[in-house]
Amino acid sequence: MDSAKLGMWVFLLTEILFFGGLFCAYAIYRAWHPEMFHQAHKALDWRLGGLNTIVLITSSVTMALSIRAFQLNQQKQGIGLLVATWLCAATFMVVKYFEYAHKFHVGQLPGKFYTYTGIEGSNPHIFFSIYFMMTGLHGIHVLVGMGVIAWLIVKARRGRFGPDYYTPVEVTGLYWHLVDMVWIFLFPLFYLIG
Amino acid sequence: MSNESKYSHHAHILPLKLYLLIGGGLIFLTLVTVAVAQVHLGPFNLVVALLIAVLKASLVGLFFMHMFWDNKLYALFFTAGIAFLGLFITITMFDTMRRGDIYQEVGQPIKPDAVTYKTAGQPIKETGHGEGEHKAVEGEK
């Protein structure tokens, strides 16, 4: 039993409930306006969402492999894999930036800021409210993860991690995998409404 | 499930192949979920999409997060979070989707003049359309 890891798992539990409120809001509004959700989801590009899914899955693999490298005392590989994870996260945010920028441009915005007129159905602004809140909260988590991974890279370059001590990398990995998990649900729920 | 002391040791190091296999599986399942979404299955589209997402999340949790090998207390915390989230969503959905079943008037759209939304004992004031309705909706929440 590792108290740092247990602490991180407790934090992840609160994260599940944190995102959970938004998932509940999603469930309510999709149940109330199924047709509008179907129409509004066409405004999202599933290719960009799918690309981001693959980018995040890749980053999860590199994160897990980085922990393995430090366990095996392969410092260089460990640092390289952390850098790869960071770059994947940055790619994710760049794709997200282009998606957001387009929506800001055409007025597909939350609540009263919604000015787009091309979507049929009742209250399409609700879809974008939930979309921006959920992907925005997720995006903030990706940014926080990038910050922590950057800090890990600095520490790893100073030779702090090895087979005897890699707890910071391990618990950051747990956090990062949870961020990946949340996106695994967000992708089909927003981009692939059948 | 657990393979004796071999895997219960703190630093269980998994083979590289396993990580790559799981990563490949996750990308494959992403392609499957995209492909299935193109087929019209009615409400089953959502069911299939969620089942695939649960399967993917399970792969991430069991292998990348080492839940399969680690102390089961970690997995207990995690599943407790999921269980309470499930309870939260289920009970909310029973409420929001079944309000009209018992009392007909509860299933109706909210009326701005409804006595329910006024402070008890206060005379009911005339409310115009539009603005009053918004207030009533806000008052309910």
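Residues numbered from 1 in each chain as written. Chains lettered and ligands numbered in written order. Predicted model: local features only at pLDDT ≥ 70, side-chain atom pairs only at ≥ 80, totals over all residues. Heavy atoms only, no water.

### Digging into the overall build of chain B
So, step 1. From N to C terminus, chain B includes five helices and zero strands.
So, step 2. For chain B, the sequential pattern of α-helices and β-strands runs α-α-α-α-α.
So, step 3. A total of 141 residues make up chain B; the buried ones form 28% of that total.
So, step 4. A separation threshold of at least 6 residues defines the contact pool for chain B, and within that pool the share at least 24 residues apart is 48%.
So, step 5. Summed over its atoms, the accessible surface of chain B is roughly 9,600 Å², and 68% of this surface lies on carbon and sulfur atoms. (Helix = DSSP H or I, 4+ residues; strand = E, 2+ residues; numbered from the N terminus. Buried < 20%, exposed > 50% of the residue type's maximum accessible area, 1.4 Å probe, protein only. Contact = heavy atoms within 4.5 Å. Areas by Shrake-Rupley, 256 points an atom, 1.4 Å probe, with all protein chains shown as cover.)

### Comments concerning the overall build of chain A
So, step 1. Per the secondary structure count, chain A includes six helices and zero strands.
So, step 2. From first element to last, N terminus to C terminus, chain A shows the α and β order α-α-α-α-α-α.
So, step 3. Projected onto the principal axes, the alpha-carbon positions of chain A cover approximately 60 × 30 × 25 Å.
So, step 4. Every one of the 194 residues in chain A was classed for burial, and the buried ones make up 59%.
So, step 5. Intrachain contacts of chain A at a sequence separation of at least 6 include 80% that bridge at least 24 residues.
So, step 6. When the accessible surface of chain A is totalled, it reaches about 7,900 Å², and 66% of it is carbon and sulfur.

### Section: the interface of chain B and chain A
So, step 1. Contacts between the two partners involve 47 residues from chain B and, on the opposite side, 46 residues from chain A.
So, step 2. It is M65(B), Y74(B) and F77(B) that lose the most area in chain B upon contact with chain A, and together they represent 16% of the buried surface on that side.
So, step 3. The interface formed by chain B and chain A includes one salt bridge.
So, step 4. Among the ionic pairs, K5(A) bridges to D70(B), the shortest N-O distance being 2.8 Å.
So, step 5. Put simply, the parts of the chain that give the side of chain B that touches chain A at least two residues each are α2 (16-38), α3 (44-64) and α4 (72-102) of chain B.
So, step 6. Top element by residues in the side of chain B that touches chain A is α4(B). It accounts for 15 residues.
So, step 7. Partitioning the side of chain B that touches chain A into residue classes produces 33 nonpolar, 11 polar and three charged. (Buried area = accessible area lost by both parts, 1.4 Å probe. Salt bridge = Lys/Arg side-chain N within 4 Å of Asp/Glu carboxyl O. Nonpolar A, V, L, I, M, F, W, Y, C, P; charged D, E, K, R; others polar.)

### Brief notes about the nonpolar core
All names here are of chain A.
So, step 1. Grouped together as the largest cluster of nonpolar side chains are 88 residues, with contacts concentrated most on L82, F127 and F190.
So, step 2. Per element, the largest residue contribution to this core is 16 residues, and it comes from helix α6 (residues 167-191).
So, step 3. Among all residues touching L82, those that are not within four sequence positions of it are M63, S66, F70, I149, L152, I153, A156 and V169. (Core = buried A, V, L, I, M, F, W, Y, C linked by side-chain atoms within 4.5 Å.)

### Quick word on helix α4 (residues 75-106) of chain A
So, step 1. An ideal rise of 1.5 Å per residue puts 46 Å on 32 residues; α4(A) measures up with 47 Å between its terminal C-alpha atoms.
So, step 2. One or two residues past the end of α4(A) sits G107(A), with phi positive at roughly 85°. (Expected span 1.5 Å × (residues − 1).)

### Structural notes on the pattern of salt bridges
So, step 1. Taken as a whole and judged by the stated rule, the model has four salt bridges over all chains.
So, step 2. The shortest N-O distance in the salt bridge between K5(A) and E170(A) comes to 3.1 Å. With K5(A) in helix α1 (residues 3-32) and E170(A) in helix α6, the pair connects residues that are 165 residues apart, well separated along the chain. Considered together, K5(A) and E170(A) belong to a single accessibility category, that of buried residues.
So, step 3. In this structure, the salt-bridge partner of R47(A) is D45(A), at a minimum N-O distance of 3.1 Å.
So, step 4. Residue classification places D45(A) among the partly exposed residues on the basis of a relative accessible area of 25%.
So, step 5. Residues participating in the shared-partner salt-bridge network are K5(A), E170(A) and D70(B).

### Quick word on the confidence of the model for chain B
All names here are of chain B.
So, step 1. Taken as a whole, chain B shows an average pLDDT of 77; of its residues, 65% reach a score of 70 or greater.
So, step 2. The low-confidence segment residues 1-9, where pLDDT is below 50, has four contacts with residues more than four positions distant or belonging to other chains.
So, step 3. Counted against residues more than four places away or in other chains, residues 126-141, with its pLDDT under 50, gives 14 contacts.
So, step 4. For this predicted complex, the interface score ipTM comes out at 0.92, while the overall pTM is 0.85. (pLDDT = per-residue confidence, 0-100.)

### What to know about a nonpolar patch on the surface
All names here are of chain B.
So, step 1. On the surface, V39, L41, F44, V47 and L51 cluster together into a nonpolar patch covering about 470 Å² of accessible area.
So, step 2. In this fold, L51 is placed in helix α3.
So, step 3. The class for L51 is exposed, based on a relative accessible area of 57%. (Patch = residues over 30% accessible without salt bridge, like charges linked within 9 Å, V, L, I, M, F, W, Y side chains within 5 Å.)

### Concerning the packing of helix α2 (residues 34-41) of chain A against helix α5 (residues 124-157) of chain A
Residue and element names in this part refer to chain A.
So, step 1. Look at α2 against α5: their axes get within 9 Å of each other, and the N-to-C directions meet at 65°. Relative to α5, the element α2 lies roughly perpendicular. For the pair α2 and α5, the crossing hand works out as right-handed. Together, M36, F37, A40 and H41 of α2 and P124, I126, F127, F128 and I130 of α5 make up the contact between the two elements.
So, step 2. Looking at the contact of α2 with α5, its residues break down into eight nonpolar, one polar and no charged. (Axes fitted to C-alpha atoms, helices over the stretch in contact; angles between N-to-C directions. Parallel < 35°, antiparallel > 145°, perpendicular 65-115°, else oblique. Left-handed = near helix turned anticlockwise from the far one by under 90°.)

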